[in-house]
Amino acid sequence: MSWNQAASAIIDGPADVAVIPAMFPGPRVTRAGAAGAMSIYSLPKGIFESEAGQKLLNKPGSTAFSMPVAELQASLGDGWTVVSEDDTFRAMSVVGGDFVNKSMDEEVACQLTKAHIENLEGHKALAPFMGSLNFGVLDPAISGLCGPNPVRFHAGAVRAWEEAGHAVPDCAKP
C-alpha cells in the first residue's frame, strides 16, 4: 500500500506494522498514533553502522539519520514507545531539495536561496516536524551531499549559503 494508506491500515486494523518515512511529529506519525498506543523501532546499531547498512542508508536520495531517544519521545508524546538498544534512535532519512536549471540567472537563484535561508526558523516554528528535516544542514554526512548523489548547487545558491555563513562542500559546488 502507499505510504499515505499506512496510517489508515493501522487505525482500521488490517495492518499491524508500517515502515514509512516520517517526520517527527509529522502527519503520518500523528495519524498512525490515532490508533492508540504505538511503538517505533530504531534500526539496531550494528546494522546501522555496518558497511551494508551505510550503503543502503546513504544511497542517492537518502542519508543515515539519528537523534536522541529522549528528543524523539518528547516529540511523539505519551502514546508512543521508542524502542532502541541505547539512547539513540537510528533510521533512514529521505533527503530532498528544490532544483533549478543551471541556466537560471545567478541573481535569481541567489535571491530565492536567500529567501529560503531567511525563513528556515519561521517554518520550523510553524510546523514542529520541520526541525527533524535538516533543512539548512549542508554537512555531507547529514545531507547526503558528496556521496553517490552527484547533485551540485547552482552558483547563485552557493553564493547565498556562503553569504549567510554556511560552508558549502566543494563537491557540491558547480
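The present account deals with the structure reproduced in this document. (Residues numbered from 1 in each chain as written. Predicted model: local features only at pLDDT ≥ 70, side-chain atom pairs only at ≥ 80, totals over all residues. Heavy atoms only, no water.)

Per the stated rule, a full pass over the model turns up one disulfide. In this model C146 forms its disulfide with C171; the gap between the sulfur atoms is 1.5 Å. Here the residue C146 occupies a position in the loop between α7 (140-143) and α8 (155-163), and C171 occupies one in the segment after α8, the gap between them amounting to 25 residues. Its relative accessible area of 31% is what places C171 among the partly exposed residues. (Disulfide = S-S within 2.5 Å. Helix = DSSP H or I, 4+ residues; strand = E, 2+ residues; numbered from the N terminus. Buried < 20%, exposed > 50% of the residue type's maximum accessible area, 1.4 Å probe, protein only.)

All right, on to the pairing of strand β4 (residues 88-94) then. When you tally the buried positions in β4, you get five out of seven residues, the bulk of the element. Bridge analysis of strand β2 (residues 62-68) against β4 gives seven bridges, and the strand direction is antiparallel. Directly across from P68, in β4, lies its bridge partner T88. (Pairing = 2+ DSSP bridges.)

On to the environment of V83, then. Mapped onto the fold, V83 is located in strand β3 (residues 80-83). Judged by its relative accessible area of 32%, V83 falls in the partly exposed class. Excluding residues within four positions of it along the chain, V83 makes contact with S39, I40, Y41 and S42. (Contact = heavy atoms within 4.5 Å.)

For the rest of this paragraph, the subject is the nonpolar core. If you look at the biggest cluster of nonpolar residues, it comprises 15 residues, and the most contacted ones within it are I40, L72, L76, W80, V82 and F89. Among the secondary structure elements, those contributing two or more residues to this core are α1 (3-12), α2 (27-33), β1 (38-41), β2, α5 (69-76), β3 and β4. Looking at this core, the element that brings in the most residues is α5, giving three residues. With 12 residues, the next largest nonpolar core counts I117, L138, L145 and A157 among its residues. (Core = buried A, V, L, I, M, F, W, Y, C linked by side-chain atoms within 4.5 Å.)

This part is about the pattern of salt bridges. For the structure on display, the rule yields seven salt bridges. Note that R90 and D86 form a salt bridge whose closest N and O atoms lie 2.8 Å from each other. Residue R159 is joined to E106 by a salt bridge in which the shortest nitrogen-to-oxygen separation is 3.4 Å. You can see R159 sitting in helix α8 and its partner E106 sitting in helix α6 (residues 106-126), a full 53 residues away along the chain. The partly exposed category is assigned to R159, whose relative accessible area is 26%. Within this structure, E106, E107, K114, R159 and E163 form a network of salt bridges that share partners. (Salt bridge = Lys/Arg side-chain N within 4 Å of Asp/Glu carboxyl O.)

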